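# Coordinates in review
Here are the chains, one letter per residue:
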Amino acid sequence: MGSIALAAVMTGGHALAGKAGDTLNAAFTKELESVDSYFNSAREGVILQRSIWDGLLYLNQETGEYEGNLATSWEWVDDTTLELKLREGVRFHNGEEFDADDVVYTVNYVADPENGAVVQRNVNWMKEAVKVDKYTVRIVTSGPFPAALEYLSGPVSIYPNEYYAEVGPAGMALKPVGTGPYMVESVEPGKHFVLKKYEGYHDSPKGKATIGTVDIRTIPDVNTQLAELFSGGVDFIWGVPADQAEKLAAMGRFNVVNESTMRIGYLELDAAGRSGDHPITKRAVRQALGHAIDRQAIVDNLLKGASKVVNSACFPTQFGCEQDVTAYDYDPEKAKALLAEAGYPEGFEIDLYAYRNREYAEAMLAYLAEVGITANLKYLQYSALRDLRRSGETQMSFQTWGSYSVNDASAITSEFFKHGAEDFARDDEVKAWLDLADTSVDPAVRKENYSKALKKIADEAYWVPLFSYNSNYVFTQDAEYTPTPDEVVRFFQMRWK
Amino acid sequence: MLAFTLKRLGLAVLVTLTVSLLSFSLLFMSGDPASAIAGENASASDVDAIRALYGFDRPFLVQYGDWLTSALRGDFGQSYYFKMPVSELIADRLSITMLLGVCGISFALLTAVPLGVAAAMRPNTLIDRTALFISVMGQAMPSFWFGLVLIVIFSIRLNWLPPSGSNGWQNFIMPTVVLGYYAMPAIMRLTRAGMLEVLGADYIRTARAKGASEMRVMFKHALRNAVVPVVSLAAVQMGFMLGGSIVVESIFALHGAGYLAWESIARNDLPTVQALILIFSLFYIVFTFLSDLANAWLDPRIRVG
């Protein structure tokens, strides 16, 4: 043990930091569980995934169009079969050649639930992959799945078949090998990751990396991250709280950029009465909740930045996210009238569950109190709260959802309104529309049915959609980077000035 | 001495077993681990798949029995979160915590004992009052605040020390001071009280009367007796430092075992939490055991009593 401790102390100091040493030092807040992208469910994992591996497709952030990455062209053979032509001449970081065998192995491995990929929804839409020839492959879906391209350009990345068969997820986590713009030099699980520019990177729409080394350390305390930033130990952090970001911007020493994320906050209301008989099962009461909370004030004073009030049960840029829905503007008098109409002129008492952003929840308590609703805040760990929700014991909870950065309403609306354990509306009509929208390959049919579902969700006030989240990116003035609303930090698109 | 040692050893083993059973059952009752493993964005079917995969549906005693037999062979299973052997994970994290603990307790002892002796030699003087002030400060300042103040001064203003990480010895200076300073006041107060009591004893007067030098009286006669309770306290403080340096490890991003334990609880990473509880309680038990032996050696009366 002593020798390990000594080794920990002796192994060299920091590499020459910053632009002079061509090394970008970045900080993660959370300890990432595994670098293997199919075996983590963290934002940090997505960020590393996009740098180390490639998908078959790429979503151009500016045009919103899909472009070929490891595939060069693709076409639907029928409703459940997508045929892709693969790029030739691509090599993995370990020298292994990329071809159809890699796609077939990766897809068949992760799509098999036995192998336990953590986020099943990212992979379980694929039934299997079949090799046609060395550079042609077919992906067969479990049913019609129009969002396939979105997933192929996002969470589904291609692994080297020979290497993955040999080392498995445990080996991939410690020594990741991909085709991406960065190769991994070292991994100390959870705490330290070093990426090196991959000189042999193919001609991908992602573009070649320009910064030579990206050195990422996990620093859990945001104050310590800021101290590192000030003392030059770290060049790039994100997720900086609004008040700190304002001060940093005022100093003028760093680039401070605010960008929206796809996460939205909402109140989940037990309209179906899963937790018993209570006031929230009445539609007028749910509508009153919508009118009682000044969402704009919460955005202006607490979230700030690029955050916006949302009215529909999805993130506005998502495909099918209908914006023309009933909006509940801040009107305490109307809220009181609606409560009186529902038979609660004196208000009532209820529990509000929450797991993050206590200050937002407390602001909502104050607004509810103004219209006579006494809400008691029950603040729990995420997993504990989810257990309660899944067993239908919560009447009202403050929830958020980031849709995995998937730019399609199926990643949020369908997740919560198709009679799953976290569906508190249990509306058959909404479910039927969503089923149709999720499985149709005709974009017009999809749009129409998402629209119907979202309009009814708003009319019935099954949720009170609140606001979209934002993130503050703070980095050295030596570097240039434009963050994107999908909250994926793309190290390969950063460059020195 | 042998009978005494064996008796204490038997007791230590029983305490260890009790702790492991209690902690295992408490963790088992504390929530659905499958839900926590699945993570924040998992859907209902993800959670069900994980529950079956990890065998959480088996009876409690079967799971405990399995765990205990493997643990005796040094196999603590796979971390649910990191998907790697718990023993490897802990070996890495523990080395940092142990280094920090040893540095912290050394710092505490090296400052507290001399201060305590000095205060006892000149009770109710400026020296005594200064020592008291220093110790009250240590007790009153929260570690997270003290740590941040040190970072502001030595990392940001002076740029002498790195604020976080564990790459070199410089990384350990501020954490050592913060951790050690927290343990220092109690040790100092106990040294002072012990010295004051011993200095009034008859055998000190005898030692002085037979012409022993003041240094010899202080260190050979007085300190050896006064230090007996300090040894016990230092042992407990050491155990505390190894298990409870969570705040310090978090602020200075040291990724030690204390921080790992804290995070693993939130992640419901049962195998890791379980192994760490066992190891932390082993630390307490081993240190208490060693301090018992040390005290028995320092004070022969304890061996018979």
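Since this is a predicted model, take the numbers as computed values, not measurements.

## With respect to the overall build of chain A
Looking only at helices and strands, chain A has 16 helices and 18 strands in total. A compact globule built from 497 residues would reach a C-alpha radius of gyration of about 23 Å, and chain A, at 24 Å, matches this within 12%. Residue burial in chain A is summarised as follows: out of 497 residues, 53% are buried. Of the contacts formed within chain A by residues at least 6 apart in sequence, a portion of 70% connects residues at least 24 apart.

## Examining the overall build of chain B
Counting secondary structure elements, chain B contains 15 helices and 0 strands. The C-alpha extent of chain B, read off along each of the three principal axes, is 80 × 60 × 30 Å. Expressed as a percentage of the 305 residues in chain B, the buried residues total 44%. Long-range contacts, defined here as pairs at least 24 residues apart, represent 73% of the contacts in chain B between residues at least 6 apart.

## A look at the pairing of strand 7 (residues 136-141) of chain A
For a regular strand, the rule is simple: side chains alternate between the two faces of the sheet. Residues and elements named next belong to chain A. Of the two faces of strand 7, only one is covered, namely that formed by Val137, Ile139 and Thr141; the face formed by Thr136, Arg138 and Val140 stays uncovered. Pairing of strand 5 (residues 81-86) with strand 7 involves 5 bridges; the strand directions are antiparallel. In the strand pairing of strand 7, leucine 82 is matched with isoleucine 139. Here strand 6 (residues 126-133) hands over to strand 7 after 2 residues, the two strands then running antiparallel side by side.

## Some details on the sheet that holds strand 7 of chain A
Residues and elements named next belong to chain A. Strand order in the open sheet made by the 4 strands is 4-5-7-6, with antiparallel pairing throughout. Every other strand in the sheet has two partners, leaving strand 4 (71-78) and strand 6 as the edge strands with one partner each. Strand-to-strand twist of the sheet, defined as the mean angle between neighbouring strand axes without regard to direction, takes the value 20 degrees. Of the strands in this sheet, strand 5, strand 6 and strand 7 touch helix 3 (residues 100-111), which is tilted by about 165 degrees from strand 6.

## Some remarks on helix 13 (residues 257-266) of chain B
Residue and element names in this part refer to chain B. Among the 10 residues in helix 13, 7 count as buried, and that is most of the element. Within the sequence span of helix 13, burial applies to Ala257, Gly258, Tyr259, Leu260, Ala261, Glu263 and Ser264. Residue asparagine 268 follows helix 13 closely and has a positive phi angle near 50 degrees.

## Digging into the interface of chain B and chain A
Often, the extent of an interface is quoted as the loss of accessible area upon association of its parts. Listed as interface residues are 47 residues of chain B and, on the opposing side, 50 residues of chain A. Residue assignment for the side of chain B that touches chain A shows that the elements contributing at least two residues are helix 2 (33-38), helix 3 (44-54), helix 5 (86-121), helix 7 (143-157), helix 12 (246-251) and helix 13 of chain B. Examining the composition of the side of chain B that touches chain A, we find that 7 residues originate from one element, helix 5 of chain B, more than from any other. Classifying every residue of the side of chain B that touches chain A gives 25 nonpolar, 17 polar and 5 charged.

## Let's talk about the environment of B:Arg93
Residues and elements named next belong to chain B. Tracing the backbone shows arginine 93 in helix 5. Since 24 C-beta atoms lie within 10 Å of it, arginine 93 is described here as buried. Each C-alpha atom, one on arginine 93 and one on glycine 258, is 8.5 Å from the other, the two residues being 165 residues apart in sequence. Not counting the four nearest positions on each side in its chain, arginine 93 is found in contact with His255, Gly256, Ala257 and Leu260.

## Considering the domain arrangement of chain A
All names here are of chain A. One can read the domain layout of chain A as domain 1 (2-6 + 17-235 + 478-496) and domain 2 (261-470). For domain 1 versus domain 2, the distance between C-alpha centres works out to 33 Å. With 15 residues of domain 1 at the contact, the number on the domain 2 side is 13 residues. Broken down by class, the residue content of the side of domain 1 that touches domain 2 amounts to 9 nonpolar, 2 polar and 4 charged.

## Some thoughts on the environment of B:Ala235
All names here are of chain B. Along the chain, alanine 235 falls in helix 11 (residues 228-244). As for alanine 235 and isoleucine 105, which are separated by 130 residues in sequence, their C-alpha atoms are 9.2 Å apart. With residues near it in sequence (within four places) discarded, alanine 235 still touches Phe287, Thr288, Leu290 and Ser291.

## Observations regarding the confidence of the model for chain A
Of the residues in chain A, 97% reach a pLDDT of 70 or more, and the chain-wide mean stands at 92. Across residues 1-15 of chain A the pLDDT falls below 50, and counting only partners more than four positions away or on other chains, this stretch makes 22 contacts in the model.

## A short note on unusual backbone geometry
A positive phi angle, near 55 degrees, is found at A:Lys304, a position not held by glycine. Within the secondary structure, A:Lys304 sits in the loop between helix 10 (295-303) and helix 11 (332-341).

## Remarks on the nonpolar core
General note: in soluble globular proteins, nonpolar side chains tend to be found buried as a group. Formed by 222 residues in total, the largest nonpolar core has its most connected members in A:Leu269, A:Val474, A:Phe491 and B:Ile187. Of the residues forming this core, the biggest block, 17 residues, is contributed by helix 5 of chain B. Ignoring anything within four residues of it in the chain, the contact list for A:Phe491 reads A:Leu24, A:Ser51, A:Tyr182, A:Leu195, A:Ala209, A:Ile211 and A:Val214.

## Focus on the environment of A:Ile264
All names here are of chain A. Within the secondary structure layout, isoleucine 264 lies in strand 12 (residues 254-269). In this structure isoleucine 264 comes out as buried when scored by C-beta crowding, with 26 C-beta atoms within 10 Å. For the pair isoleucine 264 and tyrosine 469, spaced 205 residues apart in sequence, the C-alpha separation works out to 5.8 Å. Beyond its immediate chain neighbours, meaning those up to four positions away, isoleucine 264 contacts Val310, Phe315, Thr400, Trp401, Pro465, Phe467 and Ser468.

## Some remarks on the pairing of strand 15 (residues 396-401) of chain A
Residues and elements named next belong to chain A. Of all 6 residues in strand 15, 5 are buried, a share of seventy percent or more. Of the strand pairs in this sheet, strand 12 and strand 15 are connected by 6 bridges, and their pairing is antiparallel. Looking across to strand 15, one finds that glycine 265 is bridged to threonine 400. Sheet analysis places strand 13 (residues 349-354) next to strand 15, joined by 2 bridges and oriented parallel. Paired with alanine 354 across the strands is phenylalanine 398, a residue of strand 15.

## Comments concerning the domain arrangement of chain B
All names here are of chain B. Annotation of chain B at the domain level lists domain 1 (2-72) and domain 2 (91-303). Those elements that provide at least two residues to the side of domain 1 that touches domain 2 are helix 1 (2-29), helix 2 and helix 4 (60-72). Considering every element that reaches the side of domain 1 that touches domain 2, the biggest residue donor is helix 1, with 12 residues. Classifying every residue of the side of domain 1 that touches domain 2 by side-chain character gives 12 nonpolar, 5 polar and 1 charged.

## Some thoughts on helix 15 (residues 428-439) of chain A
All names here are of chain A. Taking 1.5 Å of rise per residue, the 12 residues of helix 15 would be expected to cover 16 Å, and the 17 Å separating its terminal C-alpha atoms lies within 8% of that figure. Along helix 15, the positions that sit buried rather than exposed are Val430, Trp433, Leu434, Ala437 and Asp438. Angular distribution of buried residues about the axis of helix 15 spans 130 degrees; they occupy a single face of the element. Opposite the buried face of helix 15, at more than 90 degrees from it, the exposed residues are Asp428 and Glu429. For helix 15, the elements touching its buried residues are helix 14 (413-416) and helix 16 (443-460).

The rules we used
Each chain has its residues counted from 1, running along the sequence as written. Lettering of chains starts at A and numbering of ligands starts at 1, both following the order in which they are written. Where local features are concerned, this predicted model is filtered to residues with pLDDT of at least 70; where side-chain atom pairs are given and counted, the filter is 80 or more; whole-chain, interface and lining totals use all residues. Numbering of helices and strands runs from the N terminus; a helix is a DSSP stretch of H or I covering at least four residues, while a strand is a stretch of E covering at least two. Our radius of gyration is a C-alpha quantity, and the globule rule it is checked against amounts to 2.2 Å times the number of residues to the power 0.38. Exposure classification rests on a simple neighbour count of other C-beta atoms within 10 Å of a residue's own: a residue reaching 20 or more is buried, one at 12 or fewer is exposed, and one in between is partly exposed. C-beta atoms are placed from the backbone. C-beta atoms are placed from the backbone for every residue, and two residues are taken to be in contact when these atoms lie within 7 Å. In short, DSSP must find at least two bridges between two strands for them to pair. Working convention: axes come from line fits to C-alpha atoms, limited for helices to the stretch in contact. Angles between N-to-C directions cover 0 to 180 degrees. All amino acids are sorted into three groups, where Ala, Val, Leu, Ile, Met, Phe, Trp, Tyr, Cys and Pro are nonpolar, Asp, Glu, Lys and Arg are charged, and the leftover types, Gly among them, are polar. These domain limits were set by an automatic method or by a database of domain assignments. As a per-residue quantity, pLDDT reports the predictor's confidence and falls between 0 and 100. Structurally, a nonpolar core is described as a collection of buried Ala, Val, Leu, Ile, Met, Phe, Trp, Tyr and Cys residues joined by way of C-beta atoms within 7 Å. A helix's residues, less one, multiplied by 1.5 Å, set its expected span. Arc definition: directions from the helix axis to the C-beta atoms.

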